[in-house]
Amino acid sequence: MRAVLRRFATGGGIAGTVLFALVVLAALLAAVIAPGDPMAMAGRPLIQPFSDWRFPLGTDRLGRDVLAELLHGARATLIVSGAAALVTLLVGITIGTLAGFIGGRLDDALMRLADAFQSVPTFILALAFVSIAGPSLASVVTAVSLGAWTAPARVLRAEILSLRRREFVDAYRVLGMPPLQIAFREVLPNALPPVITLAAVIVANAILVEAALSFLGLGNPNSVTWGAMIAEGRAVIRSAPYLSAIPGVAVVVTVLAVNLIGDAANEAIHARRVQVP
Amino acid sequence: MTRILAVARRRLLHSIPVVAIVVLGVFALLEAAPGDAVDAYLVIGGGDAEMIQRLRQEWGLDRSFLARLGAYLTALAHLDLGWSVAFARPVSAVLFERLPNTLMMMAAAICFSFSAGTLLGIAAGARPGSLRDRILSLVSLGLYAMPSFWLGLMLLVGFAVKLAWFPLGGIESVGMGKTGLARALDIARHLVLPVLSLGLIYLALYLRLMRTGMIEAWRSDYIRTARAKGLTPRRIAFRHAARNALLPVVTMLGLQAGALLSGSVVVESVFAIPGMGRLAFEAVTQRDVPLLLGVFLISTLMVILANLFVDLLYARLDPRVAAEG
Amino acid sequence: MTALLSADDVSVAYRDGARWLQAVDRVSFALPPKARLAIMGESGSGKTTLALAIADLLPHDGIRRSGAVRWPALGGAARPGRDVGFVFQDPMSSLNPVLSVGEQIAEVAVTHLGLSWPAALDRAAELLDRVGLPRPRDRLTSFPHELSGGQRQRVALAMAITAEPKLLIADEPTSALDTLTQAQIVHLLDRLATEIGLALVLVTHDLALAANLAGTGMLMYAGRVAELGPIETMVSAPRHPYLQALVAASLDPDRPPTDRLAEIPGIPPQPGAAIPGCAFEPRCPRARSACRSRPPGWAGTPADGVDCIQFDQLAAVHR
Ligand SMILES: Nc1ncnc2c1ncn2[C@@H]1O[C@H](COP(=O)(O)OP(=O)(O)OP(=O)(O)O)[C@@H](O)[C@H]1O
Ligand SMILES: [Mg+2]
């Protein structure tokens, strides 16, 4: 484990962790730095950034504090993407485990289902789902997970299939360990690391899908989101492009951080797996 | 050639259950949507209880679930995707009118991101760790983290609003009566920014994949053989190294088809392009479920077709893909 | 006669983190046209590195090299593929998996002989026939994975001789093959070298094969030449204690017939280790205290000699 951490601590891994920590900090401190309702009018509309110390990032068309919106948006982004990643991993792990361990007809059926889900353009699927189920936190989370569960399911299934062929599984079988115990105590824990590294990809994707949904007005209507801020800025894009630019930069920084962490984690874990065949 | 045909046959057979699942899924969503087609129709037209009854009967909505499914499948077989309330026209008519614009945009975006991405990936992978490689890797990381609609907006602000190099939106200048080459050029000018916003992200992905592939290829024995044969550096880089590094990139093309269709929803909205993506959004805002699911179905079929094509291309590029198995 | 190839104090080191691993250490020899040299030595002794250095195929990064490889008979540098052909050890990985056999041979003819592609493909078919592949025309469109190991090595051989080079370097061309195929490939190598008038550098583990095929033998140990000379005398009257041990072990009737160099007790020094004396000293049955403190000197002529202190002293007395 320590070796994995050491390999993780490369330039990219550290930069990603620091950036992501900043986003988390922003989300945690949102209520402290910018107490009150971020959607309420706070001052004169359309104050330029860096011109008024009370509104470091300026105000929008309706006089809302951009900084406050940005901080609260970090919270919304982290909640949605975190929840989506959790749901995706849970669904993916469940389906991957079923397909890998039970095999046969069930495996075939589940894999065809995965094929079908992978053929649907994810965002159009999310759009259709949210528009039918109505926009809410739960529907956005579900919509994101619908398009993403196939990757962890497939990876886990492949891992399980390859682990099941290894000698140590035979050894446990010879020792008389019951199959279910072998499956959940010995095989699954060994199959999980590559699935966990997928978490970064899932989170990054969730952030982007959520932003796009919010941009189209289909995000969680009860919270400020970066996507909605970008959409809001569109109305005055000629005179105040910063209103769309700033939340977009926040999205890019967050996704970049998550991708950097994912790359570093992937490399760290991959190196370990190469060493111990 | 027989090998490729065998691969085609296998992949086609494989697609059948996938298409079936998708069609069933769309039908399930149609059923799950609040209200049925008659409700939606009445919102626009209005009508009395008797008319409701008659319409329900006419459209088969009062029948059992299985009968409704049967009716839906029969209609699908006749390319009938239902009635779009928002446009007061058949869904298929609206769809096929919008399709060419999206296809054109997608084709341009794929060509752009694939060619530029692989070329830059070759350049970056030639000397890993060099300044050029670091800069390219950083740029691709940044691009890869960008939401396409935001990239589109920023390009719009920079190149259409501030610099006025490109039009603000639309697919072509209206009312100018341009024809032939002039019209093609006009459309091309309109497509530059949307294609960039869609393509740059995948360019980043191709660059990264190609870079990794090239680094791996340079280390392999067959490159040492190529050098021992005294081939020109150009031939070694392109015919031997890049040809192998290309394989993982090609597998991504199928994925990109889906991502482009997804991206076209937001990008067409940003650039006001009357394509299929914007149609999906219009269907959402007008609560036109049959239209939305029509877009859903057609775009999924397009992705399945694209993947079929990519599989064949891959089999063509990699002789090790076996005919059977 | 002007030598085809002469190597003077060729040294190669690989970078390993902060250290340098000396893979080849001041190797000198000369090879007349059409002559045959067998390079022997255990794994890691630097045979491949030396062969690559001769053909100028070493990677550019992470390498430190010195000394000179000259080509007097060519009147200039040797061009890889044109003047030197190279056959590698693993016939699977050394062929490009996604290009047809025909293209991989023909491209050499296009590059070096200036042939058009159709003519080059004709030439490729002739070459495939010459290396003994049945139905050569049909084979042009085959891919490497469709061939057996022996067939692939024949293709590699065809590629290497396409431009009729002056020298063919074969790095353990048969160790990835089964015994029967090995014999066929060795026979083919011998025949082609004679027909085309090739000089041959053969890297091998097999003392008997070396004696069969080559006129000169070179035994390497830890990057240095341990013994160099006519191969018959090396086998019949080995001088270096290492070679003596090897010959004795290979004559052992209990030893199963293998293509590997006979095993002798002990292990070679760690690559990169600083050795003040003779690298073979820890394993040498005739080692003395002097062997540990100073490096052995070359005893003999540049074409025939031993890298051992005992012979060095003898030579000193003669001088
Ligand atoms: N690319 C490389 N980078 C670093 N070290 C290398 C490299 N290639 C070879 N070496 C090292 O150089 C030394 C000599 O290697 P070389 O491949 O020349 O030996 P060899 O005699 O051909 O061995 P074998 O019989 O196993 O093929 C070895 O210690 C090896 O580990
Ligand atoms: Mg070797």
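It should be noted that the structure appears before, not after, this text.
Residues numbered from 1 in each chain as written. Chains lettered and ligands numbered in written order. Predicted model: local features only at pLDDT ≥ 70, side-chain atom pairs only at ≥ 80, totals over all residues. Heavy atoms only, no water.

1. Considerations on the overall build of chain B
Summing up its helical and strand segments, chain B has 12 helices and two strands in all. Secondary structure elements of chain B, listed N to C terminal, follow the sequence α-α-α-α-β-β-α-α-α-α-α-α-α-α. Dimensions along the principal axes, computed over C-alpha positions, put chain B at roughly 85 × 55 × 35 Å. A total of 325 residues make up chain B; the buried ones form 48% of that total. Counting every atom, chain B has about 15000 Å² of accessible surface; 67% of that belongs to carbon and sulfur. (Helix = DSSP H or I, 4+ residues; strand = E, 2+ residues; numbered from the N terminus. Buried < 20%, exposed > 50% of the residue type's maximum accessible area, 1.4 Å probe, protein only. Areas by Shrake-Rupley, 256 points an atom, 1.4 Å probe, with all protein chains shown as cover.)

2. Focus on the sheet that holds strand S8 (residues 216–221) of chain C
All names here are of chain C. As summarised here, the arrangement of the eight strands in space is S5-S6-S7-S3-S8-S9-S11-S10, forming an open sheet in which the pairing is mixed. Single-partner strands in this sheet number two, and they are strand S5 (84–87) and strand S10 (298–301). Strand-to-strand, the axes of this sheet are offset by a mean angle of 15 degrees, without reference to chain direction. As defined by bridge partners, S5 adjoins strand S6 (residues 167–171) across four bridges and the pair is classed as parallel. Bridged to valine 87 within S6 is alanine 170. Taken strand by strand, helix H5 (residues 149–161) contacts S5 and S6, and its axis lies near 170 degrees from that of S5. Lying on the sheet, helix H9 (residues 241–251) is in contact with S8 and strand S9 (224–230); it crosses S8 at an angle near 105 degrees. (Pairing = 2+ DSSP bridges. Axes fitted to C-alpha atoms, helices over the stretch in contact; angles between N-to-C directions. Contact = heavy atoms within 4.5 Å.)

3. A few points about the site of ligand 1
Residues and elements named next belong to chain C. For ligand 1, the set of nearby residues contains 13 residues, the closest of which are Ser43, Gly44, Lys47, Thr48 and Thr49. At 2.4 Å from an oxygen atom of ligand 1 is found a side-chain nitrogen or oxygen belonging to serine 43. For the shell around ligand 1, the leading source of residues is helix H1 (residues 47–54), giving three residues. In terms of residue class, the shell around ligand 1 is built from three nonpolar, seven polar and three charged. (Near = heavy atom within 4 Å. Polar contact = N/O pair within 3.5 Å; in protein donor to acceptor, adjacent residues only side chain to side chain. Nonpolar A, V, L, I, M, F, W, Y, C, P; charged D, E, K, R; others polar.)

4. With respect to the arrangement of the chains
Most contacts, compared over the two pairs of chains touching, are made between chains A and B. Structurally, chain A and chain C remain out of contact, their C-alpha atoms never closer than 16 Å.

5. Concerning the interface of chain B and chain C
Tallying the contact residues gives 20 residues for chain B and 28 residues for chain C. Approximately 2100 Å² of surface area, both sides summed, lies buried where chain B meets chain C, with 55% of it carried by carbon and sulfur atoms. Contact with chain C buries surface across chain B, with B:Arg227, B:Lys229 and B:Pro319 losing the most and accounting together for 28% of the total. C:Glu103 is the partner of B:Arg239 in a salt bridge, and the nearest nitrogen-oxygen pair spans 2.6 Å. Of all the secondary-structure elements, those providing two or more residues to the side of chain B that touches chain C are helix H9 (221–228) and helix H10 (233–270) of chain B. Looking at the side of chain B that touches chain C residue by residue, the class counts come to six nonpolar, four polar and 10 charged. (Buried area = accessible area lost by both parts, 1.4 Å probe. Salt bridge = Lys/Arg side-chain N within 4 Å of Asp/Glu carboxyl O.)

6. Brief notes about helix H2 (residues 11–33) of chain A
The first and last C-alpha atoms of H2(A) sit 30 Å apart over 23 residues, in line with the 33 Å expected at 1.5 Å per residue. Residues of H2(A) that are buried include every one of A:Gly13, A:Gly16, A:Val23, A:Ala26, A:Ala27 and A:Ala30, and no others. (Expected span 1.5 Å × (residues − 1).)

7. Digging into the side chain of C:Ser100
Residue and element names in this part refer to chain C. Mapped onto the secondary structure, serine 100 falls in the loop between S5 and helix H2 (101–113). A distance of 3.1 Å separates the side chain of serine 100 from the backbone nitrogen of glutamate 103, its partner in a polar contact. Residue contacts for serine 100: discarding those within four places in its chain leaves Leu140, Thr141, Ser142 and Phe143.

8. Considerations on unusual backbone geometry
Residue and element names in this part refer to chain C. Phi at aspartate 9 is positive, roughly 50 degrees, even though this residue is not glycine. Its place among the elements puts aspartate 9 in strand S1 (residues 5–16). Positive phi outside glycine occurs at alanine 222, with the angle close to 50 degrees. Looking at the secondary structure, you find alanine 222 in the loop between S8 and S9.

9. Here we look at the interface of chain B and chain A
Accessible area lost upon the coming together of the parts is a frequently used measure of interface size. Tallying the contact residues gives 44 residues for chain B and 37 residues for chain A. Taking both partners together, chain B and chain A bury about 3500 Å²; carbon and sulfur atoms supply 79% of that area. In this structure, the connection of chain B to chain A is made through one salt bridge. Between B:Arg208 and A:Asp263 there is a salt bridge whose closest N-O contact spans 2.5 Å. There are six residue pairs in polar contact (both at pLDDT 80 or more) connecting chain B and chain A. Those elements that place two or more of their residues in the side of chain B that touches chain A are helix H1 (2–32), helix H6 (131–144), helix H7 (148–162), H10, helix H11 (276–285) and helix H12 (289–317) of chain B. With nine residues, the top contributor of residues to the side of chain B that touches chain A is H12(B). Its residues placed into classes, the side of chain B that touches chain A shows 34 nonpolar, seven polar and three charged.

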